[in-house]
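Remarks on the overall topology
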Amino acid sequence: IILLFASTALFCPDIFINLKGLIPVGLGFIMFGIGINTSMSCFTKNLAKPESIVGLIIFRCMLMPLCAFIISYELHLNQAESIGLLVLGTAPGG
């Protein structure tokens with residue numbers, strides 16, 4: 001079903017233009033469903049491993065902005081595009 005909708009959106013995007021306002025609602029339902037299915041043991045299991053938390057902090061705060069900088073430098077983006085890419089690189093969740 002997903003491939004059907006994805007290919008339809010790729011080749012006939014006009015069908016889905018009016019549904020653009022429903023994207024935040026759909027993402028909200030997906031996030032709610034993930035939150036409902038997450039148990040407290042998942043959190044405690046991850047908190048018991050501090051190396052994974054430190055790795056995540058290093059990845060989010062150092063590696064992602066560095067990758068955004070390298071991409072903007074290699075693609076010779078102008079200043080506004082580079083700043084936008086760096087903001088996306090440092091923002092939680094991209």
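Procedures and definitions
- Residues numbered from 1 in each chain as written.
- Predicted model: local features only at pLDDT ≥ 70, side-chain atom pairs only at ≥ 80, totals over all residues.
- Heavy atoms only, no water.
- Helix = DSSP H or I, 4+ residues; strand = E, 2+ residues; numbered from the N terminus.
- Rg over C-alpha atoms; globule rule 2.2 N^0.38 Å.
- Buried < 20%, exposed > 50% of the residue type's maximum accessible area, 1.4 Å probe, protein only.
- Phe/Tyr/Trp six-rings, centres within 6.5 Å; stacked < 30°, edge-to-face > 60°.
- Contact = heavy atoms within 4.5 Å.
- Patch = residues over 30% accessible without salt bridge, like charges linked within 9 Å, V, L, I, M, F, W, Y side chains within 5 Å.
- Areas by Shrake-Rupley, 256 points an atom, 1.4 Å probe, with all protein chains shown as cover.
- Salt bridge = Lys/Arg side-chain N within 4 Å of Asp/Glu carboxyl O.
- Disulfide = S-S within 2.5 Å.

Side note on the overall build of the protein chain
The helix and strand inventory of the protein chain stands at five helices and zero strands. Starting at the N terminus, the α and β elements of the protein chain follow one another as α-α-α-α-α. Taking 2.2 N^0.38 as the reference for a compact globule, 94 residues should give roughly 12 Å; the C-alpha atoms of the protein chain span a radius of gyration of 19 Å, well beyond that estimate. Referenced to the eigenvectors of the C-alpha coordinate spread, the extents of the protein chain come out at roughly 45 × 45 × 20 Å. When burial is assessed residue by residue, the protein chain has 5% of its 94 residues classed as buried.

A short note on the packing of aromatic side chains
For any two aromatic rings, the description comes down to two numbers: the centre-to-centre distance and the angle of the planes. For the coordinates displayed, the defined rule picks out two aromatic pairs. Here the aromatic rings of phenylalanine 5 and phenylalanine 16 are separated by 6.3 Å at their centres, their planes lie at 65°, and the arrangement is edge-to-face. Here phenylalanine 16 lies in the loop between helix H1 (2-11) and helix H2 (23-37) and phenylalanine 5 lies in helix H1, a separation of eleven residues in the sequence. On the accessibility criterion, phenylalanine 5 (49% relative accessible area) is partly exposed. The exposure class of phenylalanine 16 is partly exposed, given its relative accessible area of 24%. A centroid spacing of 6.3 Å and a plane angle of 20° characterise the contact between phenylalanine 69 and tyrosine 73, whose relative ring orientation is stacked.

Details of the side chain of serine 72
Here serine 72 lies in helix H4 (residues 50-74). Using a relative accessible area of 7% as the deciding quantity, one classes serine 72 as buried. Filtering out sequence-adjacent residues up to four positions away, serine 72 remains in contact with Leu77, Ser82 and Leu85.

Description of the environment of isoleucine 53
Within the fold, isoleucine 53 resides in helix H4. Owing to a relative accessible area of 32%, isoleucine 53 belongs among the partly exposed residues under this scheme. When the C-alpha positions of isoleucine 53 and threonine 38 are compared, they lie 18 Å apart, and in sequence the two are 15 residues distant. Residues within four places of isoleucine 53 in sequence aside, it is in contact with Asn46 and Leu47.

Observations concerning a nonpolar patch on the surface
On the surface, Phe59, Leu63, Leu66, Phe69, Ile70 and Tyr73 cluster together into a nonpolar patch covering about 600 Å² of accessible area. Mapped onto the elements, leucine 63 comes out in helix H4. Relative accessible area serves as the criterion here: at 38%, leucine 63 is assigned to the partly exposed category.

Concerning the state of the cysteines
For the coordinates displayed, the defined rule picks out zero disulfides. The closest cysteine sulfur to the non-disulfide-bonded cysteine 61 is located on cysteine 67, 13 Å from its own sulfur. A relative accessible area of 56% means that cysteine 61 is categorised as exposed.

These figures come from the coordinates and say nothing about function on their own.
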